Number of protein chains: 2
Amino acid sequence: MKEFDPNFAHTVYFWLKNPDSQEDRKAFETSLGKFLENSDFAKTKFIGAPPRASRDVVDGSFTYSLIVTFESAEAQKSYQDEAPHKLFINESENLWSKVIVYDSTSI
Amino acid sequence: MKEFDPNFAHTVYFWLKNPDSQEDRKAFETSLGKFLENSDFAKTKFIGAPPRASRDVVDGSFTYSLIVTFESAEAQKSYQDEAPHKLFINESENLWSKVIVYDSTSI
């Protein structure tokens, strides 16, 4: 098995206000993609959405997920303060009704 | 920025019944580590815990996080059915009080 061993993982689940609006989805995806493209600190990125077929034990109610990993907690802190991050929040916060964020350091 | 582009990400947050018990933590970490070591399907893995310093917007109440990625939704399904997965659940489900699972396909 390939190891995936960053020091810090930041995962975010977004619930859009209008998950069926193609316009809102495109605006969100464009804004998030631009942010990650311009980040100096994110080591790896993953943007996802719930699969069509899900299982009972799984929370498939979110609209988008984001997994970003970092070399260190310090790099994650720098990412939080980056101008592209602030721009993404300004551009897109009106699109979502709920966000859940989990931060993890590798054990 | 390095791309991290699996097709499927499976993230799990575990709340242990006794997060301060070193014995329970060791049992959980050993069981989870053994499972991932023996999985034929997980492409990459990350086992984490909340960082000491957290931010207001972050849910830092969980005890352990797991991020596993797969080549495909089919590989993830195979992983769910693997003997090492079932053994992990049998060994460890008495240790946790709550689990949240999110599945995502890459957009």
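This text follows the structure it describes.
Calculation criteria
- The residue count restarts for each chain, going from 1 along the sequence in the order it is written.
- Ligands are numbered from 1 and chains lettered from A, in the order in which they are written.
- Totals for whole chains, interfaces and linings use all residues, but because this is a predicted model, local features are given only for residues with pLDDT of at least 70 and pairs of side-chain atoms are given and counted only at 80 or more.
- Hydrogens and water molecules were not included; the side-chain quantities draw on all heavy atoms of the structure.
- By definition, any uninterrupted DSSP run of H or I lasting at least four residues is a helix, any uninterrupted run of E lasting at least two residues is a strand, and each is numbered from the N terminus.
- The rule is simple: take the accessible area with a 1.4 Å probe, protein chains only, and divide by the maximum for that residue type; under 20% is buried, over 50% is exposed, in between is partly exposed.
- Two residues qualify as a contact provided that any one of their heavy atoms is within 4.5 Å of a heavy atom in the partner residue.
- The charge count treats Lys and Arg as positive and Asp and Glu as negative. His and the chain ends do not count.
- Charged groups are reduced to one reference atom each: NZ for lysine, CZ for arginine, CG for aspartic acid, CD for glutamic acid.
- Two aromatic rings from Phe, Tyr or Trp, using only the six-membered ring of Trp, form a pair when their centres are within 6.5 Å; if the ring planes differ by under 30 degrees the pair is stacked, by over 60 it is edge-to-face, and anything between is tilted.
- Directions pointing from the helix axis toward each C-beta atom define the arc.
- We define buried area as the total accessible area lost by two parts upon association, computed with a 1.4 Å probe and summed across both.
- Any carboxyl oxygen of Asp or Glu within 4 Å of a side-chain nitrogen of Lys or Arg constitutes a salt bridge here.
- Note that Gly is not counted as nonpolar here; it falls among the polar residues with everything else outside the nonpolar set of Ala, Val, Leu, Ile, Met, Phe, Trp, Tyr, Cys and Pro and the charged set of Asp, Glu, Lys and Arg.
- Between any two strands, at least two bridges found by DSSP are needed for them to pair.

### Considering the overall build of chain A
Point 1. On a plain count of helices and strands, chain A comes out with 3 helices and 4 strands.
Point 2. Of all 107 residues assigned to chain A, the portion counted as buried reaches 49%.
Point 3. Long-range contacts, defined here as pairs at least 24 residues apart, represent 79% of the contacts in chain A between residues at least 6 apart.
Point 4. For chain A, the separation between the mean place of its 12 positive charges and that of its 17 negative charges on side chains is 4 Å.

### Topic: the packing of aromatic side chains
Residues and elements named next belong to chain B.
Point 1. One pass over the full model with this rule turns up 33 aromatic pairs over all chains.
Point 2. Each ring, one from F14 and one from F28, has its centre 4.9 Å from the other, and the planes form 70°; the classification is edge-to-face. Highlighted residues: F14 in strand 1 (residues 8–16) and F28 in helix 1 (residues 22–38), separated in sequence by 14 residues.
Point 3. Look at F14 and you get buried, because its relative accessible area is 3%.

### Some words on helix 2 (residues 73–81) of chain B
Residue and element names in this part refer to chain B.
Point 1. Within the sequence span of helix 2, burial applies to A75, Q76, Y79 and Q80. Projection of helix 2 onto a plane perpendicular to its axis shows the buried side chains occupying an angular sector of 145°, all on one side. Across helix 2 from its buried face, at more than 90 degrees, point the exposed residues E74 and K77.
Point 2. Close packing links the buried residues of helix 2 with strand 1, helix 1, strand 3 (64–70), helix 3 (83–92) and strand 4 (96–106).

### Things to note about the interface of chain A and chain B
Point 1. On the chain B side, the residues contacting the 43 residues of chain A number 43 residues.
Point 2. Carbon and sulfur atoms make up 63% of the surface buried where chain A meets chain B, a total of about 3,700 Å² over both sides.
Point 3. The interface formed by chain A and chain B includes 0 salt bridges.
Point 4. Sorting the residues of the side of chain A that touches chain B by element identifies strand 1 (8–16), helix 1 (22–38), strand 2 (44–49), strand 3 (64–70), helix 2 (73–81) and strand 4 (96–106) of chain A as the ones contributing at least two each.
Point 5. Take the side of chain A that touches chain B: its biggest share by element is 7 residues, from strand 4 of chain A.
Point 6. Residue composition of the side of chain A that touches chain B, grouped by class: 23 nonpolar, 12 polar and 8 charged.
Point 7. The sheet contact formed by strand 2 of chain A and strand 4 of chain B spans 2 bridges and is antiparallel. Bridge pairing in strand 4 of chain B places A:G48 opposite B:S106.

Spatial relationships are all this shows, so hold off on functional conclusions.
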